[in-house]
Amino acid sequence: MKKNLTQAYRDVRQYTEQLCKPLNVEDYVPQAVDYASPPKWHLAHVTWFFETMILQKHLEGYEVFNESFNFLFNSYYQTIGKRAMRAERGVMTRPTVGEVYQYRQHVDVYMAELLAGEVSQELEDLVVLGLNHEQQHQELLITDLKYVLALNPMAPVYRKDSNLVADHNADSEFEWLSFGQGVHSVGYQGNGFCFDNEQSVHNTYIQSFEISTSLVTNGEYLAFMKAGGYENFNHWLDEGWAWVNKFEVKSPLYWQEVDGEWFYYTLAGLQPVDPDAILSHVSFYEANAFAQWKGCRLPTEFEWEVAAPGLDWGKRWEWTSSAYLPYPNFAISEGAVGEYNGKFMVNQMVLRGASVATSEGHSRLSYRNFFHPYFQWQFSGIRLAK
């Protein structure tokens, strides 16, 4: 296992840096909104996790790379101490990008030394958690970078082959899958890694339901827009209607109308909206309103988990109608690791599946992603149920 763990560590760390290769040094720093962090911060924060959570506790004699980095690159771990304001990550021109890469190299050297010795189960579990944490930030790096680049009127190209929203449903025919009522077991049931919010396995009663085999396409959503979907309060939850009006939302994120035609910003530049491609970058409010307009609804997270083995999933995070809440017997771990998921179980909605930006091997049927209902910047889409 040690060899596999060492290789897994190298692979994950290298992939993060591979994602940054198309960037210019100027791209590493800007932060457009408080929830979208700069690439430089992501690179440093995931490194801070290994240094703070693992090296300082498990490698005797380890000396931190820079004492100030604990303040600069701690995200939300109050157990560990004070931290910089989240909204001010983009004003940190120092340390430089070069120094952050030196920090990564420093930590990688000592992690290799640590993993070359005796690896306890506790240490292995922490390293695997750290790798999954970095994979989460790999996806956030992509989504956050897209948000910043989209604000540039030049519509810059990250990579010509990185449209990421050009994929279509595997089956062009729209179908419903039917499931009878009954008791189903949900939650993580494997022997490998999972996050604590996927535990524990428990039974839940589900009424009979139907779920679409296809995700909603751009063309289907355009029909909602042309039918006045954003102007009719009857389709919207009250909070959603207030959000639409306050921020004058008229379309999914990154869409813009030019001379009567719709375009969207992609990481491959500005491109015409493909009506047959799968919809992306919609909020829970929009997803729910579209479902109402169609005379349908969003699936619960448990319906999704029961149906997922028969679905083509993993292209978009799929909004569910389930609030992000703890499972029965959920227990928060001791120390800083316990701050990872439990304290966020309020005012957020669950998304299931994965997306085109999700790192390889970082998805499961039981994976529970969660965001506030107004967020659009993730690669989020819609699957209907009834």
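Residues numbered from 1 in each chain as written. Predicted model: local features only at pLDDT ≥ 70, side-chain atom pairs only at ≥ 80, totals over all residues. Heavy atoms only, no water.

Here the focus is the UniProt feature "domain: Sulfatase-modifying factor enzyme-like" (unreviewed entry) in the protein chain. Feature annotation in UniProt assigns "domain: Sulfatase-modifying factor enzyme-like" (unreviewed entry) to the following positions: residues 182-310. Spanning residues 182-310, this segment combines 27% helix with 22% strand, and its end C-alpha atoms are found 18 Å apart. (UniProt positions renumbered as here; feature names shortened; annotations may be inferred. Helix = DSSP H or I, 4+ residues; strand = E, 2+ residues; numbered from the N terminus.)

It is worth spelling out the sheet that holds strand E10 (residues 369-371) at this point. The strand order across the open sheet built from 4 strands is E10-E9-E8-E11, with neighbouring strands paired in mixed fashion. Strand pairing shows two members of the sheet lacking a second neighbour, E10 and strand E11 (380-381), which therefore form its edges. Where strand E8 (residues 317-323) meets E11, 2 bridges bridge the pair, whose relative direction is parallel. When the sheet's bridge partners are listed, Glu318 is paired in E11 with Gly381. (Pairing = 2+ DSSP bridges.)

Another aspect to go through is the packing of aromatic side chains. Summed over all chains, the structure comprises 44 aromatic pairs. Considering the side-chain rings of Phe174 and Trp176, the 5.2 Å spacing of their centres and the 85° angle between planes classify their relative orientation as edge-to-face. A centroid spacing of 4.0 Å and a plane angle of 5° characterise the contact between Tyr324 and Phe370, whose relative ring orientation is stacked. Separated by 46 residues along the polypeptide, Tyr324 in the loop between E8 and strand E9 (349-353) and Phe370 in strand E10 bring together distant segments of the chain. (Phe/Tyr/Trp six-rings, centres within 6.5 Å; stacked < 30°, edge-to-face > 60°.)

Relative to the helices and strands, Thr320 is located in strand E8. Side-chain polar atoms of Thr320 contact the backbone oxygen of Val350, separated by 2.8 Å. Sequence-distant contacts of Thr320, defined by excluding residues within four places in its chain, comprise Phe284, Leu298, Pro299, Thr300, Glu301, Met349, Val350 and Arg352. (Polar contact = N/O pair within 3.5 Å; in protein donor to acceptor, adjacent residues only side chain to side chain. Contact = heavy atoms within 4.5 Å.)

Turning our attention to helix H2 (residues 39-58). Over its 20 residues, H2 extends 28 Å from the first C-alpha to the last, a length consistent with the 28 Å expected when each residue adds 1.5 Å. At Glu51, H2 shows its largest kink, close to 30°. (Expected span 1.5 Å × (residues − 1). Bend = angle between axes of the 7 residues up to and from the residue.)

Our next topic: the domain arrangement of the protein chain. Domain annotation of the protein chain identifies domain 1 (1-151) and domain 2 (176-385). Of note, the centres of domain 1 and domain 2, computed from C-alpha atoms alone, are 27 Å apart. Across the boundary between the two partners, domain 1 contributes 27 residues, which contact 28 residues of domain 2. Carbon and sulfur atoms supply 64% of the area buried between domain 1 and domain 2, which totals about 2,500 Å² over both sides. (Domains from an automatic or database assignment. Buried area = accessible area lost by both parts, 1.4 Å probe.)

Each neighbour pair has its own omega, and for Arg94 with Pro95 the value is 5°, a cis peptide bond. The residue Pro95 is located in the loop between helix H3 (69-73) and helix H4 (97-116) in this model. Along the chain, Gln199 connects to Ser200 via a cis peptide bond; the corresponding omega equals 5°. Counting through the fold element by element, Ser200 comes out in the loop between strand E2 (182-186) and strand E3 (202-206). If you check the backbone angles, Glu248 has positive phi at about 50° while not being a glycine. Position of Glu248 among the secondary structure elements: in the loop between helix H7 (238-246) and strand E5 (255-258). Even without being glycine, Asn347 reaches a positive phi, approximately 60°.

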